[in-house]
Each structure stands twice: as C-alpha cells, then as structure tokens.
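# A look at the structure
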Amino acid sequence: MRVIDIYEKNDLDRLMIDKKSIKEIMDSFFMKYPARYRRNYDKNLRHIELYQLDEINDSWRAKYFPTIDKILFIEPYHIIHELMHMAHYDRKKDLMAIEQKEILWEDALIEGAAEYLANEATGYPTCAYIFETFVICMLSSIDNFFEPFFIPSYEQFIKLFPNKKDILSLMYALNFYHHNYDICEDSEEYPLVVNKLGVAIREVIDSLINIEIGIDKDEYSRRLYQEKFMDLITSEFVHLNLVDFFYNYRDYANEQLKRKIRVK
C-alpha cells in the first residue's frame, strides 16, 4: 500500500477524465447553476489535498474528510463525487448539505445527491448509490431543490415540501435501505432485515408519490412524472438493487401511480 501522488488546488488540471481535467469538469458543471452554489466549493478548494492511493482497505473507492479538507482516491473518476461533498460542506457551520448537527436520517439523500450531481457533471451513468440516486432524480424537478445542498440548510430543504411528514417518511425509509441493503446473507439477522428492506422500498415509493401529489402540477406534468418514474425504477441497475428485497416492486409502483396520480 502506498501513496502514488499528492494533488492540491492548482493540480486539478493534471487530473484527467476522458481528456477533460477535473478543474474543467467542475467549472463547467457550476456554470449551470447560480454563482452562489459554488461558494463553499471555492472556499474548501483553497486548502484541499488529494491523495491518490494504489488501494484502499475499505468498501469505498474514494472519500472526502471535511474537517481536514482531504480526499483519498484510487481513480480520478471517483473524485467528482467527493468534490460534490466538498461543495456541500459549510466549514464555518460544520454542516454537510441538509444534515443537522445530530444526524437523524439525512445521509442517504446526501449520498444520492452527490452521486446524481457527479453524474450530471461527467455525463457518466450512476455506478453507486443506485436507489438513492433514483430518489434524487425523482425529486430534482422541484424548484430550487439543490440549493439547500450547496448552501447547507436542513430547514430550507424541508420547506420545499408541502407536507413535512412525506419527506421525513421518505428520508427515514431510504436511510434504512442505505445502511442495510448490503447485509451479508450469512448474517443471523438477514431474514428480518430483508423483510424490513422490502417495507422500506415500499415506503420510499409511497412517499415519492405522495410528495408529487402534494405539488400543484397540471395533468401533462403528472403524466411525464409517471413515465419517468416507471422508466427509471425498472432500469436494469435499480432492478438489481431492489428485486431481492421486494420482488413485485415494479407492479406495486405502477399500481400506486395509476391509483393515486392518474385518478387525481
């Protein structure tokens, strides 16, 4: 195990992804959003250090350590996700995106948002946090949805939703999935946890639909939402991440959409 190289702010143009530097990728990404969205990114970038390792003795492929402003990584591609975390970190308040000082169940959405935004920046498909990213994709059309991530505020995030219970239920269920979907089949708790994972997936589907119902949209927008929902949730990678825990999740989602949204 060894450190291959060390990079700082002025070295981001040396780290390349498909012939584009990470600096160029991030700058192009932020051009799509209001300038204020990149304030924490620029502040944290001043003292960032990135350590490229030949291997990482853990389940993650890269990791941002906010309080010391360092990123560990193996391949440059994985840096973008961590830079999104960096852009979401308010150093003065010591808050990451929509987290509270005492984290309850926000981290699943935070990881999903970082992956969704990294995919937007690179144009690459999701390769991690598949279900979490699906949820962010379904919420992303809400006006100013990402502002409380880049300008950290749990309170402002919750205000985006007409019914507080819907978003809290979504976060609670998704967080259970986030922390348990990779449970080992040899574990004594496996049968119980798998059953609860199925319940959590069902609650995420219900909560997403309830959130959509609570937002005032015309019939055409709702039809597009239904099509997007089913197109994404039946995709290969989402299917692989859900089918072992909730075999009929596609039929369930389709039936709930028909019953709750189309009737409305």
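Quantities reported herein were computed from a predicted structural model and do not represent experimental measurements.

The next thing to look at is the overall build of the chain. When its secondary structure is counted, the chain shows 12 helices and 8 strands. Relative to the compact-globule value of 18 Å for 264 residues, the chain shows a C-alpha radius of gyration of 19 Å, a close match. Expressed along its principal axes, the backbone C-alpha trace of the chain runs to roughly 55 × 45 × 40 Å. Burial statistics for the chain: of 264 residues in total, 50% are counted as buried. Sequence separation of 24 or more characterises 62% of the internal contacts of the chain that already satisfy a separation of 6 or more. Carbon and sulfur atoms form 49% of the exposed surface of the chain, whose accessible area is close to 13,900 Å². Positive and negative charge centroids in the chain, built from 34 and 46 side chains respectively, lie 7 Å apart.

With mixed pairing, the 4 strands of this open sheet are ordered in space as β1-β4-β6-β5. What marks the edges here is a single partner per strand, and that holds for β1 (3–8) and β5 (62–65). Along the sheet, successive strands turn relative to each other by an average axial angle of 15°, direction set aside. Sheet topology places β5 next to strand β6 (residues 70–73); 4 bridges connect them, and they run antiparallel. Residue lysine 63 lies in a different strand from β6, and its bridge partner there is leucine 72. Seen against the sheet, helix α3 (residues 79–87) touches β4 (49–53), β5 and β6 and runs at an angle of roughly 20° to β5.

Quick look at the nonpolar core now. One finds Leu109, Leu139, Phe146, Phe157, Leu208, Phe229 and Ile233 to be the most contacted residues of the largest nonpolar core, which totals 87 residues. When sequence neighbours within four positions are dropped, the list of residues in contact with leucine 109 reads Ile98, Val135, Ile136, Leu139, Phe149, Phe157, Ile167, Met171 and Leu174.

We now examine a positive patch on the surface. A surface patch of like charges, here positive, comprises Lys9, Arg39, Lys43, Arg46, Lys92 and Lys93. Note that lysine 43 resides in helix α2 (residues 39–45). Exposure remark for lysine 43: the relative accessible area of 48% places this residue in the partly exposed category.

Looking now at the environment of tyrosine 247. With respect to the secondary-structure elements, tyrosine 247 resides in the loop between α11 (236–242) and α12 (249–262). Among the residues examined, tyrosine 247 registers a relative accessible area of 64% and is labelled exposed. Once the C-alpha coordinates of tyrosine 247 and glycine 198 are considered, the two residues, 49 residues apart in sequence, prove to be 8.5 Å apart.

Along helix α1 (residues 22–30), the residues that are buried comprise Ile22, Ile25, Met26, Phe29 and Phe30. Down the axis of α1, the buried side of the element spans an arc of 125°, and every buried residue falls inside it. In this structure, the buried residues of α1 make contact with β2 (16–17), β3 (20–21), α2, α3, α4 (107–122) and α6 (147–150).

Rules of the game
Residues numbered from 1 in each chain as written. Predicted model: local features only at pLDDT ≥ 70, side-chain atom pairs only at ≥ 80, totals over all residues. Heavy atoms only, no water. Helix = DSSP H or I, 4+ residues; strand = E, 2+ residues; numbered from the N terminus. Rg over C-alpha atoms; globule rule 2.2 N^0.38 Å. Buried < 20%, exposed > 50% of the residue type's maximum accessible area, 1.4 Å probe, protein only. Contact = heavy atoms within 4.5 Å. Areas by Shrake-Rupley, 256 points an atom, 1.4 Å probe, with all protein chains shown as cover. Lys, Arg positive; Asp, Glu negative; His and termini not counted. Charge placed at Lys NZ, Arg CZ, Asp CG, Glu CD. Pairing = 2+ DSSP bridges. Axes fitted to C-alpha atoms, helices over the stretch in contact; angles between N-to-C directions. Core = buried A, V, L, I, M, F, W, Y, C linked by side-chain atoms within 4.5 Å. Patch = residues over 30% accessible without salt bridge, like charges linked within 9 Å, V, L, I, M, F, W, Y side chains within 5 Å. Salt bridge = Lys/Arg side-chain N within 4 Å of Asp/Glu carboxyl O. Arc of directions from axis to C-beta.

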